[in-house]
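Fold and contact review
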Amino acid sequence: MKLFGTIYDKTMQWATHKYASAWLAFVSFIEAIFFPIPPDVMLIPMSMSKPHNAMRYAIYTTTASVLGGIIGYAIGYFAFDWVKDIITDWGMQANFDKAMHWFETWGVAIVFLAGFSPIPYKIFTICAGVMQMAFLPFIVTAAISRFARFVLVAKLSAWGGEKYADKIRRSIELIGWGTVVIAIVAYLIYQLFH
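Residues numbered from 1 in each chain as written. Predicted model: local features only at pLDDT ≥ 70, side-chain atom pairs only at ≥ 80, totals over all residues. Heavy atoms only, no water.

**As for helix H3 (residues 40-49)**
Buried residues dominate H3, accounting for eight of its 10 residues. Along H3, the residues that are buried comprise Asp40, Met42, Leu43, Pro45, Met46, Ser47, Met48 and Ser49. (Buried < 20%, exposed > 50% of the residue type's maximum accessible area, 1.4 Å probe, protein only. Helix = DSSP H or I, 4+ residues; strand = E, 2+ residues; numbered from the N terminus.)

Written as structure tokens, this is what we have:
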């Protein structure tokens, strides 16, 4: 079944849309609060299709993500009782508990690591508010880590550029289904040992 080729083609088409930068910023902003899809999904194809704009895309993504992080922080700080049921209902309680433990253990350093963590960033922004982390260190650390991550993603994508976009397109079904299989196996192993 050919599924990933169509998705890939559509994503590359969106990456060249005249409002792609605005959508990238919007996705980056809401991902730091509640959205489940990371902005890399847009940042990568945008940087591949227009390598000369990769750094600008990384800056947009970072700025919007940090602004969204401020909202996530405020939710944790002022309205956690209101959202704690949502965290449970969305199946993020285990991630939230793990992030809270990391905050207790590592303090502000965990915000830096969160920029590169597979745990959704919104968990860390809300946890920072719940833990009432000092606001200025939160912002500075979040900005540095998010910028480092998004510059790395954008520059690597731009380096590959269109020549790798074509190679990826030819192998996208194998890559896509392989990723699905790896995710299922990882989930089953996790369930087996927990």
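**Considering the pattern of salt bridges**
Summed over the entire model, instances satisfying the criterion amount to three salt bridges. Among the ionic pairs, Lys122 bridges to Glu31, the shortest N-O distance being 3.8 Å. Taken as a pair, Lys122 in helix H8 (residues 121-130) and Glu31 in helix H2 (residues 20-31) lie far apart in primary sequence, 91 residues in all. We classify Glu31 as buried; its relative accessible area is 5%. Across the salt bridge formed by Glu31 and Arg146, the nearest N and O atoms sit 3.2 Å from each other. (Salt bridge = Lys/Arg side-chain N within 4 Å of Asp/Glu carboxyl O.)

**So, the nonpolar core**
By size, the foremost hydrophobic cluster in this structure holds 26 residues, and its most contacted members are Phe96, Phe103, Val111, Cys127, Met133 and Phe138. Of all the secondary-structure elements, those providing two or more residues to this core are helix H4 (54-78), helix H5 (80-89), helix H6 (93-106), helix H7 (109-114), H8 and helix H9 (135-193). It is H8 that provides the largest number of residues to this core, a total of six residues. With residues up to four places along the chain from it excluded, the contact list for Phe138 reads Gly69, Ile70, Tyr73, Val111, Thr125, Ala128 and Met133. In terms of nonpolar packing, the next biggest core, distinct from the first, is built from 14 residues, Ala20, Leu43, Val151 and Ala158 among them. (Core = buried A, V, L, I, M, F, W, Y, C linked by side-chain atoms within 4.5 Å. Contact = heavy atoms within 4.5 Å.)

**Comments concerning the environment of Val108**
Relative to the helices and strands, Val108 resides in the loop between H6 and H7. Distance from Val108 to Phe138, taken between C-alpha atoms, is 6.8 Å for residues 30 residues apart in sequence. If we ignore the near neighbours within four places in the chain, the residues touching Val108 are Met133, Pro137 and Thr141.

**Here we look at the UniProt feature "transmembrane region" (unreviewed entry) in the protein chain**
The feature "transmembrane region" (unreviewed entry), as given by UniProt, occupies residues 20-37, 57-80, 100-121, 133-154 and 174-193 in the numbering adopted here. The distance from the first to the last C-alpha atom of residues 57-80 is 32 Å, and the span holds 96% helix and 0% strand. (UniProt positions renumbered as here; feature names shortened; annotations may be inferred.)

**A few points about the packing of aromatic side chains**
Here the distance between the centres and the angle between the planes together describe a pair of aromatic rings. Going through the model one piece at a time under the given rule, you end up with six aromatic pairs. Look at Trp23 and Phe26: their rings are 5.8 Å apart centre to centre, the planes differ by 85°, and that puts the pair in the edge-to-face class. With Trp23 and Phe26 both in helix H2, this residue pair falls three residues apart, about one helical turn. Taking relative accessible area as the criterion, Phe26 reaches 41% and is therefore assigned partly exposed. Ring centres of Phe135 and Phe138 lie 6.5 Å apart, and the angle between their planes is 35°; this geometry places the pair in the tilted category. One end of the pair, Phe135, and the other, Phe138, are both in helix H9, three residues apart, so they sit about a helical turn from each other. (Phe/Tyr/Trp six-rings, centres within 6.5 Å; stacked < 30°, edge-to-face > 60°.)

**A short note on a nonpolar patch on the surface**
A cluster of nonpolar residues, Phe112, Leu113, Leu136, Val140 and Ile144, forms a patch on the protein surface that exposes about 470 Å² of accessible area. Mapped by element, the contributors of at least two residues to the nonpolar patch are H7 and H9. No other element matches the three residues that H9 contributes to the nonpolar patch. Assignment of secondary structure puts Val140 in helix H9. (Patch = residues over 30% accessible without salt bridge, like charges linked within 9 Å, V, L, I, M, F, W, Y side chains within 5 Å. Areas by Shrake-Rupley, 256 points an atom, 1.4 Å probe, with all protein chains shown as cover.)

**Here we look at the side chain of Ser47**
Inspection of the secondary structure puts Ser47 in helix H3. Only 2.9 Å separates the side chain of Ser47 from the backbone oxygen of Leu43, close enough to count as a polar contact. Aside from chain neighbours lying at most four places away, what touches Ser47 is Ala54, Tyr57, Ala154, Ser157 and Ala158. (Polar contact = N/O pair within 3.5 Å; in protein donor to acceptor, adjacent residues only side chain to side chain.)

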